Amino acid sequence: MTTSLATLTRLRAVQHRLRALIAPLDDATCRQQFHGDLSPLGWHLGHCVYVENHWLRAVVLGDDRLTRKLRDYYTPETSPKPRRGPQLPDKQRLLDQVMQQQDDNILLLSGLAEPLPAHPLLEHEYLPLFLIQHHCQHYETMLMVLNQRAIKQHPGDFHPQRRLESDDASLVRLRVPAGDFPVGGEAPKAFDNELPVHTFSQDAFYLGAKPVSNAQYLCFIEAGGYQDPGHWDEAGRAWLSEHPARAPDHWRQDDRGWWYGIDQDGPHDLDPDMPVHGLSHHEARAFARFAGARLPHEHEWEVACRLGLMYDSGHVWEWCANSFFPYPGFKPFPYDEYSLPWFDGQHYTLRGASRHTRRDIRRCSFRNFYTPEKRHVFAGLRLAW
Ligand code: AVJ
Ligand code: FE
């Protein structure tokens, strides 16, 4: 068996991107935990090459020499986040090891130096495609870490050039027709949670032409949205009473009361027309109620995407109304923990993509999922009626 040049190139590219995020940082930064829900950057890099080594070497080639001792440390379920930083190798050593192993894995997958055995995981390039998409998700999580780092380290001395003005929360609506539509992803790229393809029957509904913008979200803030319990359902009120949130996660006010944002490159003016992010599912629901709307079901979103109505999407993940659930006939693949534990009613589906999402996982059927209180995942919302 061999792997096509196109697939090898995509894997190579994301391997390189992962290392490039680490390369300019010092050792202490790579092992620091900047947010309670996020791992150190160095752990993400090591985890990604561990996942390659596990599937390719231990499972396909039956050689677990590289993974045996690292299993507990790089398996999220057995590795407490606060312990991940101190146990990392020195940054330069980690980078050297990772680069060497990535190179070896590309060579193995190419089948050029030595023949790659026939194995079910290699059929239709399933394994390298899985690895690419796995790494893309960790790449994005590493951007979340860099964002949290910038937020925590920001001294609060920024003055935006322009004052963000609030804008009417009513939006241009698209009509999405009623009908029976296929939903789900295509093998071999699809993750287990996107399968099988099945039919979704919907009534006609209206969907925001764009996600809610920064200026529109400011309208909610200035209208006292965080203070008025009428916009919040019971779960939202419970969350609000425990969290001091009164604006998106990365928004700050200067001494004039002007809003600005912080991302991995530091503080910046907020573009009124760009989609808002940094919102929990609770805030997304409250905004929707405030605007006289609701969140879309993930399959309404997917149908609209398949009908070509999402051409400007892709700057923020979009919280959906429903929790993450298995499709009828779901089979866990390639391992139970990829999706199964998260069908727990505690996770909500997100659709779309953020500006940090690489194109390998941008598709109408892709399902992201997080618990509703998460505010660091580049998530905003789109309204439905
Ligand atoms: C689907 C993005 C929530 O990052 O925890 C990565 C994807 N699964 N490695 C995560 C995932 C295993 C997952 N998310
Ligand atoms: Fe992972």
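Note that the structure is predicted; figures quoted are calculated from it, not measured. (Residues numbered from 1 in each chain as written. Chains lettered and ligands numbered in written order. Predicted model: local features only at pLDDT ≥ 70, side-chain atom pairs only at ≥ 80, totals over all residues. Heavy atoms only, no water.)

## Some remarks on the site of ligand 1
Line of reasoning, step 1. Lining the immediate surroundings of ligand 1 are H134, Q137, H138, Y335, Y338, N368, F369 and Y370.
Line of reasoning, step 2. Side-chain polar atom of H134 to a nitrogen atom of ligand 1: 3.2 Å apart, as the coordinates give it.
Line of reasoning, step 3. Residue H138 places a side-chain N or O atom 3.1 Å away from a nitrogen atom belonging to ligand 1.
Line of reasoning, step 4. In the complex, 78% of the free accessible area of ligand 1, which totals 350 Å², lies under the protein chains.
Line of reasoning, step 5. Only helix 7 (126–153) and strand 10 (368–370) provide two or more residues apiece to the shell around ligand 1.
Line of reasoning, step 6. Split into classes, the residues belonging to the shell around ligand 1 amount to four nonpolar, four polar and no charged.
Line of reasoning, step 7. The two domains that each donate at least three residues to the shell around ligand 1 are domain 1 (5–153) and domain 2 (173–380). (Near = heavy atom within 4 Å. Polar contact = N/O pair within 3.5 Å; in protein donor to acceptor, adjacent residues only side chain to side chain. Areas by Shrake-Rupley, 256 points an atom, 1.4 Å probe, with all protein chains shown as cover. Helix = DSSP H or I, 4+ residues; strand = E, 2+ residues; numbered from the N terminus. Nonpolar A, V, L, I, M, F, W, Y, C, P; charged D, E, K, R; others polar. Domains from an automatic or database assignment.)

## Observations concerning the coordination of the iron ion (ligand 2)
A metal bound by six donors in octahedral fashion has ideal angles of 90 or 180 degrees, whereas one bound by four tetrahedral donors has an ideal angle of 109.5 degrees.
Line of reasoning, step 1. Every protein donor of the iron ion (ligand 2) is accounted for by H47 (NE2), H134 (NE2) and H138 (NE2), and the metal-donor separations fall at 2.1 to 2.2 Å.
Line of reasoning, step 2. Ordering the donors of the iron ion (ligand 2) by residue number gives the pattern H-x86-H-x3-H. Of this pair, H47 sits in helix 3 (residues 41–60) while H134 is found in helix 7, placing the two residues 87 residues apart along the sequence.
Line of reasoning, step 3. The exposure class assigned to H134 is buried, which follows from its relative accessible area of 5%. (Donors = N, O, S within 2.8 Å, 3.2 Å for Na, K, Ca; no water. Buried < 20%, exposed > 50% of the residue type's maximum accessible area, 1.4 Å probe, protein only.)

## Quick look at the UniProt feature "domain: Sulfatase-modifying factor enzyme-like" (unreviewed entry) in the chain
Line of reasoning, step 1. Here, the residues flagged by UniProt with the feature "domain: Sulfatase-modifying factor enzyme-like" (unreviewed entry) are residues 174–309.
Line of reasoning, step 2. Within residues 174–309, the helical portion is 27% and the strand portion 21%, while the C-alpha atoms at the span's ends are 8 Å from each other. (UniProt positions renumbered as here; feature names shortened; annotations may be inferred.)

## Things to note about the sheet that holds strand 7 (residues 266–268)
Line of reasoning, step 1. The antiparallel open sheet is built from three strands, whose spatial order is 5-6-7. Of all strands in the sheet, those bounded by a partner on one side alone are strand 5 (251–253) and strand 7. For this sheet the average axis-to-axis angle between neighbouring strands, irrespective of direction, equals 40 degrees.
Line of reasoning, step 2. The pairing of strand 6 (residues 259–263) with strand 7 spans three bridges and is classified as antiparallel. Residue pairing for strand 7: D263 is matched across the bridge by G266.
Line of reasoning, step 3. Helix-sheet contacts for helix 7 involve strand 5 and strand 6, and the interaxial angle to strand 6 is about 130 degrees. (Pairing = 2+ DSSP bridges. Axes fitted to C-alpha atoms, helices over the stretch in contact; angles between N-to-C directions. Contact = heavy atoms within 4.5 Å.)

## So, the UniProt feature "domain: DinB-like" (unreviewed entry) in the chain
Line of reasoning, step 1. In the numbering adopted here, UniProt assigns the feature "domain: DinB-like" (unreviewed entry) to residues 11–142.
Line of reasoning, step 2. In this annotation, residues 11–142 is assigned 62% helix and 0% strand; the end-to-end C-alpha distance for the span is 17 Å.

## Some words on the domain arrangement of the chain
Often, the extent of an interface is quoted as the loss of accessible area on bringing the components together.
Line of reasoning, step 1. Once the domains are mapped, the chain shows domain 1 (5–153) and domain 2 (173–380).
Line of reasoning, step 2. Every contact between the two is made by 29 residues of domain 1 and, on the other side, 31 residues of domain 2.
Line of reasoning, step 3. Overall, the association of domain 1 and domain 2 removes approximately 2800 Å² of surface from exposure, summing both partners, and the carbon and sulfur fraction of that is 61%.
Line of reasoning, step 4. Applying the counting rule to domain 1 against domain 2 returns two salt bridges.
Line of reasoning, step 5. If you look at where domain 1 meets domain 2, you find nine residue pairs in polar contact (both at pLDDT 80 or more).
Line of reasoning, step 6. Looking at the side of domain 1 that touches domain 2, the elements with two or more residues in it are helix 1 (5–22) and helix 7. (Buried area = accessible area lost by both parts, 1.4 Å probe. Salt bridge = Lys/Arg side-chain N within 4 Å of Asp/Glu carboxyl O.)

## Observations regarding the packing of helix 9 (residues 234–242) against helix 10 (residues 281–290)
Line of reasoning, step 1. Contact pair helix 9 / helix 10: the axes reach a minimum separation of 9 Å and the direction vectors enclose 125 degrees. In this view, helix 9 runs oblique relative to helix 10, as classed from their interaxial angle. Relative to helix 10, the crossing made by helix 9 is left-handed. Packed against helix 9, whose contacting residues are A235, G236 and W239, the element helix 10 presents H282, E283 and R285 at the interface.
Line of reasoning, step 2. Considering only residue class, the contact of helix 9 with helix 10 consists of two nonpolar, two polar and two charged. (Parallel < 35°, antiparallel > 145°, perpendicular 65-115°, else oblique. Left-handed = near helix turned anticlockwise from the far one by under 90°.)

## Notes on unusual backbone geometry
Line of reasoning, step 1. Look at the link from L195 to P196: it is a cis peptide, with omega at -5 degrees.
Line of reasoning, step 2. Locating P196 in the fold gives a position in the loop between strand 2 (179–183) and strand 3 (198–202).
Line of reasoning, step 3. The amide bond that connects F333 to the next residue, P334, takes the cis arrangement and shows omega of -5 degrees.
Line of reasoning, step 4. Among the structural elements, P334 can be located in the loop between strand 8 (317–323) and strand 9 (348–352).

## Description of the state of the cysteines
Line of reasoning, step 1. According to the stated counting rule, one finds one disulfide in the structure shown.
Line of reasoning, step 2. Put simply, C305 and C364 are joined by a disulfide, and their sulfur atoms are 2.2 Å apart. Taking the sign of the torsion about the S-S bond as the criterion, the disulfide between C305 and C364, at about -75 degrees, is left-handed. Within this pair, whereas C305 is found in helix 11 (residues 298–306), its partner C364 is found in the loop between strand 9 and strand 10, the two being separated by 59 residues in sequence.
Line of reasoning, step 3. Under the relative-accessibility criterion, C364 is labelled partly exposed at 21%.
Line of reasoning, step 4. The closest cysteine sulfur to the non-disulfide-bonded C48 is located on C136, 9.4 Å from its own sulfur.
Line of reasoning, step 5. C320 takes part in no disulfide bond, and the closest cysteine sulfur to it belongs to C305, at a distance of 11 Å. (Disulfide = S-S within 2.5 Å.)

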